[in-house]
Amino acid sequence: MIRLLDVRKGFNLAKPNEYIAVSGVTLTIEANRVTVFKGPSGSGKTTLLSLIGCMTRPTSGRIELMDNLPLINGILRDNGETNRLEVTSLPERFLTEIRRRLFGFIFQQFNLIKGITVLENIMLPSYPLGRKHGFVTERAHALIDTFGLGARASAKVEWLSGGEAQRVAIARALMNDPPVIIADEPTAHLDSKLSVEFMEIISGLKNQGKTIIIASHDPLVFEAGMIDRIINVRDGMLYGSGT
Amino acid sequence: MSNLIEKQRSILDFTLSSLMRRKAKNISLFLVYSLVVFVLGSAMFFTQAMKREASLILKEAPEMVIQRLLCGRYEPVPLDYLERIKNIRGVISADYRLWGYYYDPAAGSNYTLMVPRNNPPARGKIVIGNGIARNRMLYREDILSFRGYNGINHNFEVDDILSSESELVSADLMLISEEDFRDFFGLSPAAATDIVATVRNQKELITIANKISELLPDTRPVIRDEMIRTYDSVFDWRGGILIVLISMAMLSFVIFAWEKASGLSAEERREIGILKAIGWETSDVIAVKTYEGAIISFFSFCTGLLLAYGHVFFTSAFLFAPALKGWSVIYPDFRITPYIDPYQVVVLFLLTVVPYTAATVVPSWRSAIIDPDSVMRL
């Protein structure tokens, strides 16, 4: 479970171009569910995902993590916590550690690193963990097989089709076997067929017990059968089943 | 511990693939970097080797040379000074020397004419240095004609040509007999160019020099150590001029390196954002950039240094020799003995590798501390 308490995020504060992306959001996201933030562009969906995924800190408010805490035992111990962790006041290195162990990210533009192979791209999140090279390669190959990318393992990512790049991005997000997957507009660059395929993959991940948080304004996403909860976002605030 | 090694290994793997991805940029950096190290290294090796060569030759030089001064300028020494110097306690022997310079308008060169102490050539004969022979295309038994002090031409027959082993000092050297020397320059039989002396106890050199100065106030005794120092400073000065010029090249390189290494492209900044977003720490990103800088630096440094070594010690620094060797237009042609001063290599390393690595790391650090969420908005 991830809990947001009166979270607010502003940019360029006290400047003429000040902008409040998220305004007083209180929200609980249940584990092992698929939650979708639905809303138009500029509504604050991406900022919410960044806050939940510990990529940025809120201007005010609290964000608490309550599940899968054994994965970040060291941080809990250092902060004297046992059954929940308030992340907004943690230093950057702890946020990085949490991001690495608890979250897998699928970006709108896929954000694969050009010039290196599919295999290397998938292995990237595991490098800072210092795991054995053999183990990492084996795990990456297993993901490649799972997503039907076997023939493309040694291809450079710029040679891939949109669907293949999307699957590589998913495989990379799963590399460290995180309990939470965060996907920002994952179907924005896919046709309907590939979007349906993507949602099938998400369904499979849900069945594996992953918590999925998606931001999208694509009906193919929020009308999919496996979605447990839809949260409407507009002007940085939640509407409907927000809390 | 094994985790740390695996982590560094993975980061190094990624660094190497990063270098391969930006081949054109990295190859151009490597070439410019190697060129700068090559030029600086050549100047350094050359200056050092020449200083060493000169000091080796000077070891054979007389312990003390006594010159006469008039109005603060050099003047021939009267030969009666010789006996007075010999009579000083501690002086084992003293002898006069005859040598001088001659400008040859035909070749546009300055020659050093000298009367050797042992086995001087016969009257009318001349022994010449390799440089002169090369320059004027002379062989044994050829005739050389020089205009004497009084405008009369003197003809000398080439008796021998000096071997190339001692060419640093003998390229522009000519040996003639004492009679020819005096006739040619109009030097009185009662005078010599200077006097050389040897002393019994090396520790007394300065004391004896002082005694000579007191006894013969118009003379200036020059001891060997002073000559070595003069040679050192001459070569330092020549090397210094080159280093000033090279410093400009170096500065251009620093600007180039800064531009190339520090000007992270939008693509590189995007990559740093992605790496941070997927869980890389700032220190991991900096490690990648440090490895990149260190790999380019190290290989360029080694390549530049090896090329400089080859240039100086195998081709006798053919690119710099005219600027650094001798002052005559006759350039010595000899193989420099390899000699490397480790201290200077370390200095060169610190002057090139450290600034370059810093130029690589600082901007990466600045990019690496950005919030990883910026990648969500790409």
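Quick notes on the rules
Residues numbered from 1 in each chain as written. Chains lettered and ligands numbered in written order. Predicted model: local features only at pLDDT ≥ 70, side-chain atom pairs only at ≥ 80, totals over all residues. Pairing = 2+ DSSP bridges. Helix = DSSP H or I, 4+ residues; strand = E, 2+ residues; numbered from the N terminus. Contact = placed C-beta atoms within 7 Å. Axes fitted to C-alpha atoms, helices over the stretch in contact; angles between N-to-C directions. Nonpolar A, V, L, I, M, F, W, Y, C, P; charged D, E, K, R; others polar. Core = buried A, V, L, I, M, F, W, Y, C linked by C-beta atoms within 7 Å. Buried ≥ 20, exposed ≤ 12 C-beta atoms within 10 Å, placed from the backbone. Parallel < 35°, antiparallel > 145°, perpendicular 65-115°, else oblique. Left-handed = near helix turned anticlockwise from the far one by under 90°.

K.L.:
Please provide a residue-by-residue account of the sheet that holds strand S5 (residues 85–86) of chain A, values included.
P.N.:
Residues and elements named next belong to chain A. Spatially, the four strands line up as an open sheet ordered S2-S1-S4-S5, and their pairing is antiparallel. Each having just a single partner strand, strand S2 (19–29) and S5 make up the two edges of the open sheet. Bridging between strand S1 (residues 2–11) and S2 involves seven bridges; their strand directions are antiparallel. Note that in S2 the partner of Phe 11 across the bridge is Tyr 19. In this fold helix H1 (residues 45–52) packs onto S1, S2 and strand S4 (60–65), with an angle of close to 55° to the strand it touches most, S2.

K.L.:
How would you sum up the interface of chain A and chain B? Please name residues and give values.
P.N.:
At the junction of the two partners, chain A supplies 27 residues and chain B supplies 25 residues. For the side of chain A that touches chain B, the per-class residue count stands at ten nonpolar, nine polar and eight charged.

K.L.:
Can you lay out the nonpolar core for me, pointing to particular residues and giving the numbers?
P.N.:
Ranked by internal contacts, the top residues of the largest apolar core, which has 82 residues, are A:Ile122, A:Val168, A:Ala169, A:Ala171 and A:Ile182. The element that contributes the greatest number of residues to this core is helix H6 (residues 162–174) of chain A, accounting for seven residues. In this view, A:Ala169 contacts A:Ile106, A:Phe107, A:Phe110 and A:Leu112; residues no more than four positions away in its chain are not counted. Formed by 32 residues, the second largest nonpolar core is a distinct cluster that contains B:Ile66, B:Phe156, B:Ala192 and B:Ala197.

K.L.:
Please set out the packing of helix H2 (residues 23–58) of chain B against helix H12 (residues 342–368) of chain B residue by residue, giving values where relevant.
P.N.:
Residue and element names in this part refer to chain B. Running from amino to carboxyl end, H2 crosses H12 at an angle of 160°, the nearest separation of the two axes being 10 Å. Considering their axes alone, H2 and H12 lie roughly antiparallel with respect to each other. Between H2 and H12 lies a crossing whose hand is right-handed. Contacts between H2 and H12 involve Tyr 33, Val 36, Val 37, Leu 40, Gly 41, Met 44 and Gln 48 from the former and Gln 344, Leu 348, Thr 352 and Tyr 356 from the latter. Class assignment for the residues of the contact of H2 with H12 results in seven nonpolar, four polar and no charged.

K.L.:
So, the sheet that holds strand S3 (residues 34–38) of chain A: which residues are in play, and what are the values?
P.N.:
Residue and element names in this part refer to chain A. Strand order in the open sheet formed by six strands is S6-S7-S8-S3-S9-S10, with mixed pairing between adjacent strands. The sheet is open, and its two borders are formed by strand S6 (103–106) and strand S10 (237–239), each paired with just one other strand. Pairwise comparison of adjacent strand axes, ignoring direction, gives a mean angle of 25° for this sheet. Of the strand pairs in this sheet, strand S7 (residues 180–184) and strand S8 (residues 211–216) are connected by five bridges, and their pairing is parallel. Paired with Ile 181 across the two strands is Ile 212, which belongs to S8. Packing against the sheet, H6 makes contact with S6 and S7, and its axis sits at approximately 165° to S6.

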